[in-house]
Amino acid sequence: MSANPIKLALGQALEAAFRQCGSAGLALNDVQRQILQQVTQTVLLKALSDPDAVDLDENPLDALTEDQLQTLLGYVAECDRDGRDWKTTLFNDWLQGRDSGQVQFLRDRYGFDWIDRVRPRDIAAYTDSVAAELQIGDRLEVSSRLWEWIPEDLGEEPEWIVCTLVNLTPSPDETDPTHINGTVQFENGLELEIQGLYDWNKSNWRRI
């Protein structure tokens, strides 16, 4: 039986890339080579050899729980602020053997095949709808991460406190209309302003 020509071509391309890395003084170790080969075979090979295997209308984010979704959206917003691509950052963590903090679950539970399927429009389907629908009077839960430091590497979970959204303040920067601050009121009457409601603090609140 002849070898799959697509798989053979991909294997040759990878070997050529490995040799170029070595020539540049950036030789990959065995684990890094295996990671690259796995990603290639599970993502690129599937797309090239069986394009109908992936439902282009399906949003991969639909598989996430509410907590997982909010965590991912917050991470994406954080990477955007820092000028980093969130997928590349995750992939680099994997190659370097680094823990990915709050979004480590994406690598452990879903893998890079799933991560690679997430498109910008999939992210926008959730961020745009949240921004459009959130209104004063909505009941929310906010994370205690907003006012206390909780070490991620110790596996500690934040406390979620019930509150009501009482104010929305658009950004004075006309070039960034999506940056909005929100004020919530707790049941004891105290209020808290949440900076960057839809971007860097997106993972620190959720609807109830």
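In what follows, the structure referred to is the one given above.
None of the values given here were measured: they were computed from a predicted structure. (Residues numbered from 1 in each chain as written. Predicted model: local features only at pLDDT ≥ 70, side-chain atom pairs only at ≥ 80, totals over all residues. Heavy atoms only, no water.)

1. Concerning the sheet that holds strand E2 (residues 160-170)
Read across the open sheet, the five strands follow the order E4-E3-E2-E1-E5; overall the sheet is antiparallel. Of all strands in the sheet, those with a lone pairing partner are strand E4 (191-194) and strand E5 (205-207), marking the two edges. Going from strand to strand, the sheet's axes swing by 40 degrees on average, the running direction of each strand aside. Where strand E1 (residues 139-143) meets E2, five bridges bridge the pair, whose relative direction is antiparallel. Each bridged residue has a counterpart across the sheet, and for leucine 140 the counterpart in E2 is cysteine 163. (Pairing = 2+ DSSP bridges. Helix = DSSP H or I, 4+ residues; strand = E, 2+ residues; numbered from the N terminus. Axes fitted to C-alpha atoms, helices over the stretch in contact; angles between N-to-C directions.)

2. Observations concerning the nonpolar core
Formed by 21 residues in total, the largest nonpolar core has its most connected members in Leu61, Leu64, Leu72, Trp86, Leu90, Leu106 and Trp114. Secondary-structure elements contributing two or more residues to this core are helix H3 (66-81), helix H4 (86-96) and helix H5 (104-117). Ranked by residues supplied to this core, first place goes to H3 with six residues. When neighbours within four sequence positions are excluded, leucine 61 is seen to be in contact with Leu69, Leu72, Leu73, Trp114, Val118, Asp122, Ile123 and Tyr126. Counting 12 residues, the second largest nonpolar core, distinct from the first, contains Leu134, Ile180, Leu197 and Tyr198. (Core = buried A, V, L, I, M, F, W, Y, C linked by side-chain atoms within 4.5 Å. Buried < 20%, exposed > 50% of the residue type's maximum accessible area, 1.4 Å probe, protein only. Contact = heavy atoms within 4.5 Å.)

3. What to know about the packing of H3 against H4
Between H3 and H4, whose axes approach to 9 Å, the crossing angle comes to 100 degrees. Here H3 lies roughly perpendicular to H4, going by the angle between them. The segment H3 lies against H4, with Leu72, Tyr75, Val76 and Cys79 engaging Trp86, Thr89 and Leu90. The residue makeup of the contact of H3 with H4, split by class, is six nonpolar, one polar and no charged. (Parallel < 35°, antiparallel > 145°, perpendicular 65-115°, else oblique. Nonpolar A, V, L, I, M, F, W, Y, C, P; charged D, E, K, R; others polar.)

That is the geometry; function is a separate question.
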